[in-house]
Amino acid sequence: MAEWPRWVRGSAFGAALLVLVLLLALVGGVIAVRRPLPQVDGTIRVPGLNDTVEVLRDSHGIPQVYADNSSDLFYAQGFVQAQDRFFEMDFRRHVTAGRISELLGKQTVETDMYIRTMGWRRVADREYDLLSPATRSYLDAYSDGVNAYLAGKSATQLSTEYTVLGLGGLDYKPEKWTPVDSLAWLKAMAWDLRGNMDEEVERTRLSLGRTPEQVDELYPRYPYDRHAPIVPTPDGERRGAAPRPAFGQAALTALEAVRRGVDAIPDLMGHGDGIGSNSWVVSGDHTVSGKPLLANDPHLEASMPGIWYQMGLHCTTVSADCPFDVSGFTFSGLPGVVIGHNRDIAWGMTNLDPDVSDLYLEKVSGKTYLYDGKQVPLSERDEVIRIAGGGSKLITVRSTRHGPLLSDVSAELSSVGANAKVPAGSPDRGNGYAVALAWTALTPRPTADALFGFDAATNWSEFREAARSFAVPSQNLVYADTAGNIGYQAPGVVPIRKGNRDGDYPAAGWLPQNDWSGRYVPFDSLPNVLNPAEGFIVTANQAVTGPDYRWHLTDSFDQGYRSQRIRDLLAADIEDGKRLDVADMAQLQLDTRNPIAPVLVPYLMRQLMTSEYYSEGQRLLVDWDYTQPADSAAAAYFNAVWSNLLRLTFHDQLPESLWPDGGHRWIAVVGNLLRQPNSQWWDDATTESVVEDRDLILSEAMRDARDELTRRISVSPTKWTWGHLHGLHLDNQSLGQSDIGLVRALFNRGPYDVGGGSSIVDATSWNAAIGYDVDSAPSMRMVVDLDDLERSRWINLTGESGHIFSGHYRDQTPLWVDGKTLPWPFARDEVTKATDDRLVLEPSEDG
C-alpha cells in the first residue's frame, strides 16, 4: 500500500490519542470497546424486510444467511457486513469517492485530487443505470440493509476508529449507504490491478541515455520455451515489434511527477510485482473422487482487517426468483460472492493484467490542446474537496479525448522544462507537456452483472455468459462443475490500438495514429478452453497464450515461475499415477521452492570465501533443497545474498525509485546476466579504477549477507531463520498508520514469522529495495471438492470482524501462518451443526 501521510501529528491530538489508549487499557473497554461489537444472536426487528431471515455464524464468526427471497437475502448481507466491518466500508467509499480528506484532513488532499480527477465515483454512478433490473434490485436491497443497521446509531457505536477520530476533533456522522458506494469499489479493484501504467513511466525514464537493447535487458520477454502459457495459442498472425518513441527530459519530468502522485493513492488491494494469484483446477480423471478439484489463493496486500469477507448466501428454496445458494469470499461493501462455489459450480480468479491503460503526452495551450494539427477545446468540470477541521479546495478537472489530465494535480509541473527532445514533427514545446490517462475503467460498464451471474450459474455456458459482462479488472477465470467439467475463460475489455503500437511507452497525444481504435478484443476471441486433454489448467499470472495470438493483451505478464512450478508438480503426480485429493491441493499451495535458487546457488558455491567466518554462510547452501520454510537458516542466508546482490549490481546505475524489488522480473534479469560475466551491469559505476565482474559482485554479496545476518540475528548461523527476517505485519489501513506507537498497537497485529517469498507458490512477497518484511501474501486460500462440497476447505488471512476487540479480528491468522485451513460447511444440516450464534432478522411492525 502507498504509505498514508503521517496525519496524526501535533501535541494536542497526540495527547488525546494517548489518553484514549490509557482509557481503553484501564477501563477494559466497558464503553469504548464493547460498544461497537454487534449483536450476533437473538432477534432484531428491522424495517424493509419481507420475511424472516436467519444468520448462522460458526465459531469463527463466518455468517451463512438464509432468506426466502433475493431482496431479503441481500438486505441481510448488507446488515451483517455493516455489523462486522462498517468502518472499513466507510473508509473505502471515502477513498473511492475522493473524499478521504473529510476524515483525515488536509494531508490527503492530493490523493483526493487524483481520484476526483479520474472520477471513479462519477463513472460508478453512470454504471448503475447500465445494470440489469435484477442487479439494481440486489444493490438497492443491500444498501437498505446497511442503512437499517446504521439507523439510530452514533459513529462511536459503529467502530472504535470513529472514537479515535472524534478525539482528534472530527465531528462526523456517517451518511447512508448507496448502491454507487458498492459499485465504486470495483474502480479501486481495477486501479490496483490496472496493468503496466507504471512500467510506461519506468521504461521512458530508463530510455534516456540508454539503448533500447539495454532497456530490454531489464524487461525480459516471456520465456515461452520454459514456462507454458495458460492455453495453447489460437491461430493468428504474430505481431511485429512496436516502435519506441523518443521523448526528452521535459516529457520525462511530466511523467515522473504523475508517477509520484499516483503512488500516493492508497492501494486498497495492493500493487506491484507481488500482487497476483494462484488458481488451478484438476479434472476427475486425476482425482481420488473422480470429480474436479479447484484451488485458489489471491496474492494481495497484507492488511488488517483482511481484504476478504467469508460468507454464504442461501435462498431457502432455489428458484428463478431466488436463484442463489452460494458460499465463498466477497468484499465488505459489495453484495454477492466474488470467488467461491454454489451447489453446481466453483470458480477462482487470478489477475490477467492486460494492458488497459495508456499515458498520453498532450500539448495544452490555455483551454485547448493540440490534436491532428488543430486546437481542440478541453473538457472541464469543477470539484470541491471538503477537509476535516474546516475548509475546502476547489479544483478544475480537465480532460482531452484520451482522458483526464493527471498532470494538473501536480504542482511540480508548473515549470516543466521548455527544452524537450521529442519525436520529429512534434508541436512547439512551449512550457512542456500535460499527461492524460486513457483507461478502460473510466468508461461505464456493467461489471456487477457478472458477479451475480457467477453466483447463480449452473453450468459452463451460463458461467461464460456471465463473464461477458466482466469488464474490469480483467481476470483469469478458472472453472469446475459437479458434472465433471473444467474450464478457463479470459474476460475483460481490452483495447485494440491502432497500427503496431503496444502500449509499453507513453504516446504523443497530438497524433491520431496513436489513438485506441475504438474497438476491443471480441469476447469470443478471448482465450478460453473447456476440458483440455492434459486434464488440468493452471493460472498464476503467466502468459495467457503463446506469442502468435492475434490480439495484443500485454507484454507485462508475470514471468511464470509460480505457474510452471505448479504445472511441474501436478504433471509429476499425474505421470506417477497418483490420484489427488483436497489435502494434496492444500499442500501444493504451501510450496516454498525458490525459483532463482537452483540457478544462482551453483555460481555462489564457486566463490572462494576468505575466512571461516564467511565460509559458514556458504556451507548452508551445500545441501539446501531450495525451499524456504520459516525455520530455514539456508533461506535466510540466500535471501540476504539475493538482496545484497541486487543492491550491488543495480543501485549504482538506477534511480532509487527503480531499484529492484527482487520479484519475477528481476529473477529473469539476473538469470540472464549470470551467463554474461562481464556485462556492464556488474560494474560498480562508483569505483572508477576497478571494473567489477560477476564473480567479484557475487563474492561481495555473500560477505555482506554474512555480516548483515550477524548484525540482525546472531554471529552463529545455527540461530538464523528466514522467518526472523521475513515478518508478516498486518497493518490497519487508516489508524494503523499513526505515528503514535500505542495507537498502532491497538489496530495492527504481528509480526508473524512466515516462510515463502517472492515468485514462490506460497507467495509471501517482499521488496528487496526496502527490506525482508512481507508486503503481499495469499489473502485467502480455498480448495473446492466438486464431488462432495463438504470436503472443501477455506481460510482467511485475518478474520471476519473489523472490530479491534472482537475475538474474530484475527482468529484465522495463526491457522493461516501454520498452513492450516478450516472446514467449509455448505449444506444446511452441516451449517447448522457448525453454528455457534443464531441471529434472526424479522420485519418490524411499521415496515
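Because the structure is predicted, anything quoted here is derived from the model rather than measured. (Residues numbered from 1 in each chain as written. Predicted model: local features only at pLDDT ≥ 70, side-chain atom pairs only at ≥ 80, totals over all residues. Heavy atoms only, no water.)

(A) Looking closely at the layout of surface pockets. The computed volume of the second largest pocket comes to approximately 560 Å³. Lining the second largest pocket are 27 residues; nearest its centre among them are Arg401, His402, Gly403, Pro404 and Leu442. Contributions of two or more residues to the lining of the second largest pocket are made by helix H4 (109-118), helix H5 (120-128), strand E15 (379-386), strand E16 (392-399), strand E17 (434-439) and strand E22 (516-520). When grouped by side-chain class, the residues that make up the lining of the second largest pocket number 12 nonpolar, 9 polar and 6 charged. (1 Å grid on protein atoms, 1.4 Å probe; cavity = no way out; pocket = protein on both sides within 12 Å on 5 of 7 lines; lining within 4 Å. Points joined across faces, edges and corners; volume = space filled by probe spheres on them. Helix = DSSP H or I, 4+ residues; strand = E, 2+ residues; numbered from the N terminus. Nonpolar A, V, L, I, M, F, W, Y, C, P; charged D, E, K, R; others polar.)

(B) Spatial organisation of the sheet that holds strand E6 (residues 303-304). Strand order in the open sheet formed by 3 strands is E6-E25-E26, with mixed pairing between adjacent strands. Each end of this open sheet is capped by a strand with a single partner; those strands are E6 and strand E26 (749-753). (Pairing = 2+ DSSP bridges.)

(C) View of the packing of helix H18 (residues 633-650) against helix H19 (residues 664-673). The geometry of H18 relative to H19 is characterised by a closest axis approach of 12 Å and an angle of 70° between their N-to-C directions. As the angle between them shows, H18 and H19 are arranged roughly perpendicular. Along the contact surface, H18 presents Trp642, Leu645, Leu646 and Phe650, while H19 presents Trp666, Ile667, Val669, Val670 and Leu673. For the contact of H18 with H19, a count of residues per class yields 9 nonpolar, no polar and no charged. (Axes fitted to C-alpha atoms, helices over the stretch in contact; angles between N-to-C directions. Parallel < 35°, antiparallel > 145°, perpendicular 65-115°, else oblique. Contact = heavy atoms within 4.5 Å.)

(D) Highlighting the sheet that holds strand E3 (residues 63-67). Strand order in the open sheet made by the 11 strands is E1-E32-E2-E3-E7-E8-E9-E10-E18-E19-E23, with mixed pairing throughout. Single-partner strands in this sheet number two, and they are strand E1 (42-46) and strand E23 (528-530). Strand-to-strand twist across the sheet, computed as the mean angle between neighbouring axes with direction ignored, equals 15°. The pairing of strand E2 (residues 53-57) with strand E32 (residues 837-843) spans 5 bridges and is antiparallel. The partner of Glu54 across the bridge, within E32, is Val840. Contacting E1, E2, E3, strand E7 (309-315), strand E8 (325-330) and E32, helix H2 (residues 70-96) crosses the sheet at an angle of about 160° to E7.

(E) Region of the structure containing the state of the cysteines. Per the counting criterion, the structure on display carries 1 disulfide. Here Cys315 connects covalently by a disulfide to Cys322, the sulfurs 2.0 Å from one another. Around the S-S axis, the bridge from Cys315 to Cys322 shows a dihedral of about -85° and counts as left-handed. (Disulfide = S-S within 2.5 Å.)

(F) Representation of the side chain of Ser474 within the structure. Assignment of secondary structure puts Ser474 in the loop between helix H13 (460-467) and strand E18 (475-481). When its relative accessible area of 5% is taken as the criterion, Ser474 is described as buried. A distance of 2.4 Å separates a polar side-chain atom of Ser474 from the backbone oxygen of Pro491. Ignoring anything within four residues of it in the chain, the contact list for Ser474 reads Asn351, Leu352, Asp353, Pro354, Pro491 and Gly492. (Buried < 20%, exposed > 50% of the residue type's maximum accessible area, 1.4 Å probe, protein only. Polar contact = N/O pair within 3.5 Å; in protein donor to acceptor, adjacent residues only side chain to side chain.)

(G) Here's a closer look at the confidence of the model for the protein chain. Of the residues in the protein chain, 88% reach a pLDDT of 70 or more, and the chain-wide mean stands at 90. Note on residues 25-30: pLDDT under 50 across the span, and 3 contacts to partners over four residues away in sequence or across chains. In this model, residues 235-242 is a region of pLDDT below 50 whose contacts with residues beyond four sequence positions or in other chains number 17 contacts. (pLDDT = per-residue confidence, 0-100.)

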